[in-house]
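Observations on the three-dimensional arrangement
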Amino acid sequence: MAGGLAFPTIFLLPAHFQPEELPELEGRIPTLTYNINEAQIVLGKVSKKPRAILELRSRKVFTDEIIPTPSGNGHGADESLAAPQPPAKRRKLSPSTAIASGAGDTTASGTESESGEAKKGKEAKKGRSVDVNNGAHEAEEVDASMVQVVRLPWFTDSLAQGQILPVKEYLVYQGRKKVVPPSKPVVNAEDILKRAREDDVSSSRPTPQSQFKSHGYANAAQHPRSQPAKRPHLVQESTSEHDRAARLPPVPDYLLHTEYACQRPTPPDGPNSEFIEQLKKMRTFRTLEMDEVGVRAYSTSIAAVAAYPYLISSAAEVARLHGCGPKIVELYRQWNDTGFLEDVQQAASNPKMKVLLLFYDIWGVGAKTANEFYNRGWRDLDDIVKHGWDKITRVQQIGVKYYEELQENIPRAEVEAISNTILERANRIKKGFQMVVVGGYRRGKAASGDVDVVLSHPDPKATEYFINEIVTSLDKTEHITHTLTLSSKNSERGQTPVPWKGETKAGAGFDTLDKALVVWQDPRWDQTAVSKNPNLHRRVDIIISPWKTAGCAVVGWSGGTTFERDLRRYCKKVKRLKFDSSGVRRRDDGGDWVDLESDADGNPAPDLLTAEKRVFEKLGLTWLSPEERCTG
């Protein structure tokens, strides 16, 4: 037991505990609650903020993050629930303000459905505050809208030391609960048909109020509203609409029985591309808001809709898709009714979001850096040049200098011309190089944002430090105007796939192949017409892979973002392997490299495309052509 320590009310997250651990630990927590909305502390084996936010959202607890700041009594804001201090004042919310503040936090995941747990106008509950010396105080008002996610060692260390410790060193996340407007119920096709038939039978007589319960409508106590409850939107359809909903096409098996996007075909330009473009805009806004959980959720939903082979005609059809929760269903209903999404229009007209989008399009600037630029007071490219030129990196300077040119997409014919030039120069240096143009071009895009090529050679000596040679050659011919990144890490370690040594934060999601990220400009033009080269500057990535792992390189650089994310997840969860473009390693048995590309006799693949197909086969995946990996 807790030895008489007056802990705050604690909710225990069950994730990552062994079945036998939970009962023993629960028995040691004297203030344990199974209702997360009653808890002041959410305790668990959680170490990262995005995971903490996901755990809260999956339990319908939506919050605005509270950034820890020093307070006047010497305690940090992150000690607010474990140490005594004056209760925080809650600002009053008008109904319209409360709804507006909650709407921005909802995301696409099915676990992130809206909730009405945090009621408007309720006063904070009374609670007991405990100081760091285990002194119990008289009950005083505590801000019940605040929640803190704390690592498990806070509790165990407090027990070991015989006093309740401040949470500062153990705090993972803290936020203030926010009101989220109740979502409209989602009605599936079978329910619609059933109600249509019943309504047809009973249309000649009034329907008593009790009949609504039998049809599954929520009563006022479940969803308090200022006006009488209305029927769900989808119920108010004509008979023909009911019949159409009942005749929805069957969900393909590859969508019903697959969890990962790498297990199903996702073609380009599917029948629902217009709706997908709206979801992609929502994902971009979440990216700029640094909402990693929301970005992943939207990515999953986009991939599911993109893989659906039929034109979606109803919200009930969206609700059947794995990865599309109530939020996506509601967004489809809104888009289908109005032709636009309110959140997209509001964000697009938001002055701050406009600036963030501008900065985010600078090559070398991600979401975090875009926000940093904004926080420095910069509002356009001129501000960066005038006030921050010496504060940004060389790569970012090049991104600003050629901003407009790098926004222009590259037609397929030009992609082919650039890639052919690279292959021709490579074979001048050493005959026998093979190349695959990867990226959006290989997935069938009519135009690409940049050009990505993978080069390899059957002779291991030919690819060793070849990246330096090819860049030098193209620099001499004036095709390369700027080298943004040049890496020969793979050659430095002898082109040998190193054993996997566990998850590392640095460089996560990016392979260690030799590569050069450059700015390219065709050096040929009619100099009699104009004196300055009029050809646009382009972004080009040149990747060099050893032959024995070239199939992994081609796979890793060909798929859409969610395809590649889910391929790594599939390898981790299903195969216990670590996948990246530089090869595959075991997650156990010393993390050794796994050869997926040689045949049964140990012979290497004869070409890069054969190597790529062997990767699919030995991972237990059905072959998908590059055009079927367009997950967005």
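Residues numbered from 1 in each chain as written. Predicted model: local features only at pLDDT ≥ 70, side-chain atom pairs only at ≥ 80, totals over all residues. Heavy atoms only, no water.

1. Description of the nonpolar core
Among the nonpolar cores identified, the biggest contains 44 residues, and Ile328, Phe359, Ile362 and Ile384 are the most heavily contacted of them. Of all elements in the fold, only α9 (273-288), α10 (292-307), α11 (315-319), α12 (326-338), α13 (342-348), α14 (351-360), α15 (367-375) and α16 (381-387) reach the threshold of two or more residues within this core. (Core = buried A, V, L, I, M, F, W, Y, C linked by side-chain atoms within 4.5 Å. Buried < 20%, exposed > 50% of the residue type's maximum accessible area, 1.4 Å probe, protein only. Helix = DSSP H or I, 4+ residues; strand = E, 2+ residues; numbered from the N terminus.)

2. Describing the sheet that holds strand β12 (residues 451-456)
With mixed pairing, the 5 strands of this open sheet are ordered in space as β10-β12-β15-β14-β13. Both outer strands of the open sheet, β10 (434-437) and β13 (480-487), are each paired with one neighbouring strand and no more. Averaged over all adjacent pairs, the angle separating strand axes in this sheet is 20°, with direction ignored. As paired elements, β13 and strand β14 (residues 514-520) share 6 bridges and run antiparallel to each other. From the neighbouring strand, Thr485 faces β14, where its bridge partner is Leu517. Lying over the sheet, helix α17 (residues 394-401) contacts β13 and β14, oriented at roughly 145° with respect to β13. (Pairing = 2+ DSSP bridges. Axes fitted to C-alpha atoms, helices over the stretch in contact; angles between N-to-C directions. Contact = heavy atoms within 4.5 Å.)

3. Quick look at the pairing of strand β7 (residues 146-151)
Regular strands show a simple pattern: their side chains alternate between the two faces of the sheet. For β7, the buried fraction is high: 5 of the 6 residues fall into the buried class. Both strand β3 (residues 41-44) and β7 contribute to a ladder of 4 bridges, which runs parallel. Residue Ile41 lies in a different strand from β7, and its bridge partner there is Gln148. The pairing of β7 with strand β8 (residues 171-177) spans 5 bridges and is antiparallel. Across the sheet, the residue bridging to Val150 is Leu171, located in β8.

4. A word on the pattern of salt bridges
Using the criterion set out here, one finds 20 salt bridges in the structure. For Arg57, the salt bridge is made with Asp291, and the minimal N-O distance between the two is 3.4 Å. Here Arg57 is found in helix α2 (residues 49-58), whereas its partner Asp291 is found in the loop between α9 and α10, with 234 residues between them in sequence. The class of Arg57 is buried, set by a relative accessible area of 3%. Taking the shortest distance from any N to any O, the salt bridge between Asp580 and Arg585 comes out at 3.6 Å. The residues Asp580 and Arg585 share a single accessibility class, namely buried. Connected via shared salt-bridge partners are Glu259, Arg565, Asp566 and Arg569. (Salt bridge = Lys/Arg side-chain N within 4 Å of Asp/Glu carboxyl O.)

5. Concerning the sheet that holds β3
Strand order in the open sheet made by the 6 strands is β2-β1-β3-β7-β8-β4, with mixed pairing throughout. What marks the edges here is a single partner per strand, and that holds for β2 (32-33) and β4 (63-65). Against the sheet, α2 engages β3, β4, β7 and β8, with an angle of about 40° to β8. Contacting β1 (10-12), β3 and β7, helix α4 (residues 153-161) crosses the sheet at an angle of about 75° to β7.

6. As for unusual backbone geometry
Leaving glycine out, the prevailing phi sign among residues is negative, and the prevailing peptide bond configuration is trans. Phi at Lys60 takes a positive value of approximately 65°, unusual for a residue other than glycine. The topology assignment puts Lys60 in the loop between α2 and β4. A residue is classified by how much of its surface remains accessible, and Lys60, at 40% relative accessible area, is partly exposed. With phi around 55°, Arg576 is a residue other than glycine that occupies positive phi space. With respect to the helices and strands, the residue Arg576 is situated in the loop between α25 (561-573) and β16 (577-580).

7. A look at the confidence of the model for the protein
Looking at the protein as a whole, its pLDDT mean stands at 81, while 75% of the residues score no less than 70. The model gives residues 505-509 a pLDDT under 50, and that stretch makes 0 contacts with residues more than four places away or in other chains. (pLDDT = per-residue confidence, 0-100.)

8. Concerning the packing of aromatic side chains
A complete count under the given rule lists 12 aromatic pairs for this structure. Measuring from ring centre to ring centre gives 5.3 Å for Phe275 and Tyr332, while their planes differ by 85°; the resulting arrangement is edge-to-face. Of this pair, Phe275 sits in helix α9 while Tyr332 sits in helix α12; the two residues are 57 residues apart in sequence, bridging distant segments of the chain. When the ring of Tyr308 is compared with that of Tyr310, the centres are 5.4 Å apart and the planes differ by 80°; the resulting orientation is edge-to-face. On the basis of relative accessible area, Tyr308 is assigned to the buried category, the value being 1%. (Phe/Tyr/Trp six-rings, centres within 6.5 Å; stacked < 30°, edge-to-face > 60°.)

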